[in-house]
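Structure at a glance
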Amino acid sequence: MIGERIQQARLASGLSLRALAEKADITAMAISKYENNQSTPSSKVLLAMAQALGVRTEYFFRRKEICLTDINHREHELLPEKEERKVLADVKEQLERWLILEDVLPSPWGKPFHLPMNLPSQIEGYEEIEGVAIAMRQYWQLGLGPIPDLIDTLESRGIKVLITRYDGHEKFNGLSARMGDAPVVVVGQSWTGDRQRFTLAHELGHLVLHGRLSEGLDEEKACHRFAGAFLVPQPKVLECLGEKRSWLEPQELHLLKHEWGLSMMAWSFRAKDLGIINQQANRQIWTGYMQAWKEAKLEPGDEYKAEQPRLFQQSVYRALAEDLISESKAAELLGASLAEFHVTRKMEPPHVAGQ
Ligand SMILES: [Zn+2]
């Protein structure tokens, strides 16, 4: 029904009824009626709404039903309902475009997500997670070194990684779900790279650890441990920091953060978890040089740059090159007008266009 589609597009764009009414020059009352399928917009009105919402009119007629299951938040950090609806509408909109594309792609293009067979069925203590993280790295042939592009690593192994614009709310800490068999992980657009990577690794932790933890273990805590252990495996932490330390210098952690894409704070926790520094030193790092930055949700020194998913765009161009989709379909999937898409597609040097 077109009403639901209009509402989903409106929620995904973050506009209120009134804001959309103003932008598209129609009344809020009329939009509300369209959304409730009490009346049908004319093609002129549809075009005005499409433009205001930044979608193409085709969007309103798509029939793909996205079914998300196992939606998982950090328990005590639930988003207010209104914010959550925005995030979910945005996620669904992005997944719809994925589904449309996947319909035309030959199956060997995408790899399904699998877990290794050799994982323990029951994990008794947090320390065991160190080995699980290494098993996961081995299964994916990642070695033990830094993972330069975590989003690419996850995407190429069957996990859908989405970036949402609606991360303004401080409680949005990432979200994971399933669409059919495919795991979906959502992170915020404005986050720093180290925060984004930690969340991605944490969500991978849920996929790996869920159902394997013995009763006394807390899944959130276990996934935090997994995230750190996956991003910097135990032998590498020992190699970088040594086996016993009394203190960790801020510049030391800053350099390691940029080498490994793990935040300074997480490094300090890693050192504590592995018994390199004691609890008190870890606390002093928190309340010491990290404290002044904590309020701004930043860390000392340079920011670690956020990563971008590329698989979707790449697949659109690949499908276009192989004549599996038309140029106008490609433009629609990438959310661009045909004219914009022409320019992007051609990749001409800057002067040619003006000559
Ligand atoms: Zn979690």
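See the structure above.
The helix and strand tally for the protein stands at 17 helices and four strands. Considered along the principal axes of its C-alpha atoms, the protein spans approximately 70 × 50 × 45 Å. A buried classification covers 49% of the 355 residues belonging to the protein. Partitioning the contacts of the protein with sequence separation of at least 6, the portion at a separation of at least 24 is 69%. As displayed, the protein has an accessible area near 18500 Å², and 51% of this comes from carbon and sulfur atoms.

This brings us to the layout of surface pockets. Approximately 800 Å³ is the volume found for the second largest pocket. Lining of the second largest pocket is provided by 33 residues; of these, E93, Q94, R97, F312 and L334 occupy positions nearest its centre. Of all the secondary-structure elements, those providing two or more residues to the lining of the second largest pocket are α1 (2-13), α5 (81-104), β2 (160-164), α15 (311-321) and α17 (338-346). For the lining of the second largest pocket, the leading source of residues is α5, giving five residues.

The next thing to look at is the nonpolar core. Judged by nonpolar contacts, the single largest core of 86 residues is most densely connected at I159, L204, L209, F226, F230 and W267. With eight residues, α5 is the largest single contributor of residues to this core. Setting aside chain neighbours within four positions, we find F230 in contact with A133, M136, R137, W140, L142, I147, L150, A201 and L204.

Attention now goes to the pairing of β2. Most of β2 sits inside the fold, with five of its five residues counted as buried. Of the two faces of β2, the one lined by K160, L162 and T164 and the one lined by V161 and I163 are each fully buried. Sheet topology note: the β2/strand β4 (residues 182-188) ladder contains five bridges and is parallel. Paired with V161 across the bridge in β4 is V185.

Before going further, it helps to examine the coordination of the zinc ion. Distances from the zinc ion to its protein donors, H202 (NE2), H206 (NE2), E220 (OE) and E220 (OE), fall within 2.0 to 2.7 Å. For the zinc ion, the four donor atoms in the first shell make angles of 51 to 135° at the metal, so the coordination geometry reads as irregular. Donor residues for the zinc ion sit on one chain with the sequence pattern H-x3-H-x13-E. Placement of H202 in helix α8 (residues 193-209) and of E220 in helix α9 (residues 219-231) is noted, with a sequence separation of 18 residues between them. Exposure class is identical for H202 and E220. Each is buried.

With that settled, consider unusual backbone geometry. With a phi close to 55°, Q141 is a non-glycine residue in the positive phi region. By secondary structure assignment, the location of Q141 is in the loop between α6 (128-139) and α7 (150-155). Phi at M347 takes a positive value of approximately 55°, unusual for a residue other than glycine. On the secondary structure map, M347 appears in the segment after α17.

Attention now moves to the packing of α8 against α9. In contact at an axis separation of 7 Å, α8 and α9 are set at 115° when each is read in the N-to-C sense. Regarding α8 and α9, the two cross each other, and that crossing is right-handed. Note on element contacts: α9 touches α8 through E219, E220, A222, C223, H224, F226, A227, G228, F230 and L231, opposite R197, F198, A201, H202, L204, G205, H206, V208 and L209.

Evaluation of the coordinates by the stated rule reveals 16 salt bridges. For the salt bridge of R165 with D90, the shortest nitrogen-to-oxygen distance reads 3.6 Å. Of this pair, R165 sits in the loop between β2 and β3 (175-179) while D90 sits in helix α5, placing them 75 residues apart in sequence. On the basis of relative accessible area, D90 is assigned to the buried category, the value being 3%. Close ionic contact of E130 with R225 constitutes a salt bridge, the shortest N to O distance being 2.7 Å. Of the two residues, E130 sits in helix α6 while R225 sits in helix α9, which places them 95 residues apart along the sequence.

Basis of the calculations
Residues numbered from 1 in each chain as written. Predicted model: local features only at pLDDT ≥ 70, side-chain atom pairs only at ≥ 80, totals over all residues. Heavy atoms only, no water. Helix = DSSP H or I, 4+ residues; strand = E, 2+ residues; numbered from the N terminus. Buried < 20%, exposed > 50% of the residue type's maximum accessible area, 1.4 Å probe, protein only. Contact = heavy atoms within 4.5 Å. Areas by Shrake-Rupley, 256 points an atom, 1.4 Å probe, with all protein chains shown as cover. 1 Å grid on protein atoms, 1.4 Å probe; cavity = no way out; pocket = protein on both sides within 12 Å on 5 of 7 lines; lining within 4 Å. Points joined across faces, edges and corners; volume = space filled by probe spheres on them. Core = buried A, V, L, I, M, F, W, Y, C linked by side-chain atoms within 4.5 Å. Pairing = 2+ DSSP bridges. Donors = N, O, S within 2.8 Å, 3.2 Å for Na, K, Ca; no water. Tetrahedral: all angles 85-135°; square planar, octahedral: opposite > 155°, others 65-115°. Axes fitted to C-alpha atoms, helices over the stretch in contact; angles between N-to-C directions. Left-handed = near helix turned anticlockwise from the far one by under 90°. Salt bridge = Lys/Arg side-chain N within 4 Å of Asp/Glu carboxyl O.

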